[in-house]
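The primary structure of each chain is shown beneath.
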Amino acid sequence: MSLVFAGVCSHAPGIVGRADQADPAAKDRLYDAFADMRNRLEASEPDALIVVAAEHFANFFMNNMPSFAMGMADYYEGPIENPDWLGIQKTRIPGDKSLSERLIRKVMERSDVSYAEEWKFDHGIMVPLHFLTPSYKLPIIPANINCQGPPLAPLNRAWAFGQALREAADSVPERIALIGTGGISHWPATPDSGKINEEWDRRFLDEWSRCDKDAMLSYDDTQSYIDAGQGAFEIRTFMTISAATEGIEGTVHFYEPIPIFAVGCTIATINL
Ligand SMILES: [Fe+2]
């Protein structure tokens, strides 16, 4: 079966953890957009959801940092953060080891992906799941791109990883949903946290929604760091979804800078 759903969303921890500090109307608009994304995901009747994330030194460290990794376990746990801080209780999240192994074998034909049989989800996966699969019944296949520890995964290799994920999804009988989470401009865990470059975000989202491969691959990390903070390195997750659905446009359902959430909050889906 091919992909039945594809989209992208934000994963900033403040979206849940600092919800009570946001402008209530802005928070409600974002939460409504997440609910709409959840409805779209459920309507696609997926058997499993691949989450392409950019984790934050929760499982992969500078002693052995894979550019690309996928989970291969029957269950995962999360969040790794303090539940009181994140606003999400610790839970067990189902995986599907057999499906993971078949996907990984296929991805390996085009991309040098690592795999892990243990994986603790951080906010990069838990915040999206909190909104999109709150009953934690849908099997999750985690995937990670190194957006944290330089040298980062090159953008063109992130594109190739997305193409490999698509081929893998096409090769299994299960109905596969795919989301990318991360970015876009933000300066998390720095004195500039809360700063958002809306103009930069809107330009990138325009390119993303048109699946403008050349434009997205032309970003330079040094310039992105200056213009959009180190959090912008996570555009790799959005680009991976574009690569997996190359040639198909997307729709940005929601974009709004919400400083207390420290990011321009984004909800978008591919027009499959
Ligand atoms: Fe992040």
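Use the structure listed above.
Here's what I pulled together on the structure shown here.

The rules behind the values
- Residues numbered from 1 in each chain as written.
- Predicted model: local features only at pLDDT ≥ 70, side-chain atom pairs only at ≥ 80, totals over all residues.
- Heavy atoms only, no water.
- Helix = DSSP H or I, 4+ residues; strand = E, 2+ residues; numbered from the N terminus.
- Rg over C-alpha atoms; globule rule 2.2 N^0.38 Å.
- Buried < 20%, exposed > 50% of the residue type's maximum accessible area, 1.4 Å probe, protein only.
- Contact = heavy atoms within 4.5 Å.
- Areas by Shrake-Rupley, 256 points an atom, 1.4 Å probe, with all protein chains shown as cover.
- Lys, Arg positive; Asp, Glu negative; His and termini not counted.
- Charge placed at Lys NZ, Arg CZ, Asp CG, Glu CD.
- Core = buried A, V, L, I, M, F, W, Y, C linked by side-chain atoms within 4.5 Å.
- Pairing = 2+ DSSP bridges.
- Expected span 1.5 Å × (residues − 1).
- Donors = N, O, S within 2.8 Å, 3.2 Å for Na, K, Ca; no water.
- Tetrahedral: all angles 85-135°; square planar, octahedral: opposite > 155°, others 65-115°.

1. Observations regarding the overall build of the protein
Then, number 1: Looking only at helices and strands, the protein has 10 helices and 10 strands in total.
Then, number 2: In terms of overall dimensions, the protein is globule-like: its C-alpha atoms have a radius of gyration of 17 Å, near the 19 Å expected for 272 residues.
Then, number 3: Across its three principal directions, the C-alpha atoms of the protein cover 45 × 40 × 40 Å.
Then, number 4: When each of the 272 residues of the protein is scored for burial, the buried share is 57%.
Then, number 5: Across the protein, every contact between residues at least 6 apart in sequence was considered, and the portion connecting residues at least 24 apart equals 80%.
Then, number 6: Accessible area for the protein stands at about 11000 Å²; split by element, carbon and sulfur atoms hold 47% of it.
Then, number 7: Taking the 23 positively charged and 38 negatively charged side chains of the protein as two groups, their mean positions are separated by 3 Å.

2. Section: the nonpolar core
Then, number 1: The biggest cluster of nonpolar side chains holds 53 residues, and the ones touching the most others in it are Ile-50, Met-70, Phe-161 and Phe-204.
Then, number 2: Broken down by element, the residue count for this core peaks at 8 residues, all from helix α6 (residues 155–171).
Then, number 3: Counting residues in each nonpolar core, the second largest holds 43 residues, with Ile-88, Ala-116, Ile-140 and Val-263 among its members.

3. Some words on the pairing of strand β10 (residues 263–270)
Then, number 1: Counting buried positions along β10 yields 8 of 8 residues, so the element is predominantly enclosed.
Then, number 2: Relative to β10, strand β1 (residues 3–9) runs antiparallel, the two sharing 3 bridges. Its bridge partner being in β10, Cys-9 is matched across the sheet by Ile-267.
Then, number 3: Count of turn residues in the strand β9 (residues 250–258)/β10 antiparallel hairpin: 4 residues, of which Ala-262 carries a positive phi of about 65°.

4. Some points on α6
Then, number 1: Given a rise of 1.5 Å per residue, 17 residues ought to cover 24 Å, and the 25 Å separating the end C-alpha atoms of α6 matches this to within 8%.
Then, number 2: Of the positions making up α6, those classed as buried are Leu-155, Ala-158, Trp-159, Ala-160, Phe-161, Gly-162, Ala-164, Leu-165, Ala-168 and Ala-169.

5. As for unusual backbone geometry
Then, number 1: Cis rather than trans, the peptide bond between Pro-150 and Pro-151 has omega equal to 0°.
Then, number 2: Its place among the elements puts Pro-151 in the loop between β7 (140–145) and α6.
Then, number 3: Of note, the bond from Gly-183 into Ile-184 is cis; its omega dihedral lies within 30 degrees of zero at 0°.
Then, number 4: Position of Ile-184 among the secondary structure elements: in the loop between β8 (176–181) and α7 (198–209).
Then, number 5: Even without being a glycine, Glu-45 presents a positive backbone phi close to 50°.

6. Here's the deal with the coordination of the iron ion
Then, number 1: On the protein side, the iron ion has His-11 (NE2), His-56 (NE2), Glu-234 (OE) and Glu-234 (OE) as donor atoms, found 2.0 to 2.8 Å from it.
Then, number 2: Relative to the metal, the 4 donor atoms surrounding the iron ion lie at angles of 51 to 149°, and the coordination shape comes out irregular.
Then, number 3: For the iron ion, the donor residues sit on a single chain with the sequence spacing H-x44-H-x177-E. Taken together, the residues span a long stretch of sequence, with His-11 in the loop between β1 and α1 (14–17) and Glu-234 in the loop between α9 (221–228) and α10 (235–244) at a distance of 223 residues. As far as the burial class goes, His-11 and Glu-234 line up, both buried.

Function-wise, these values are silent; they only describe arrangement.
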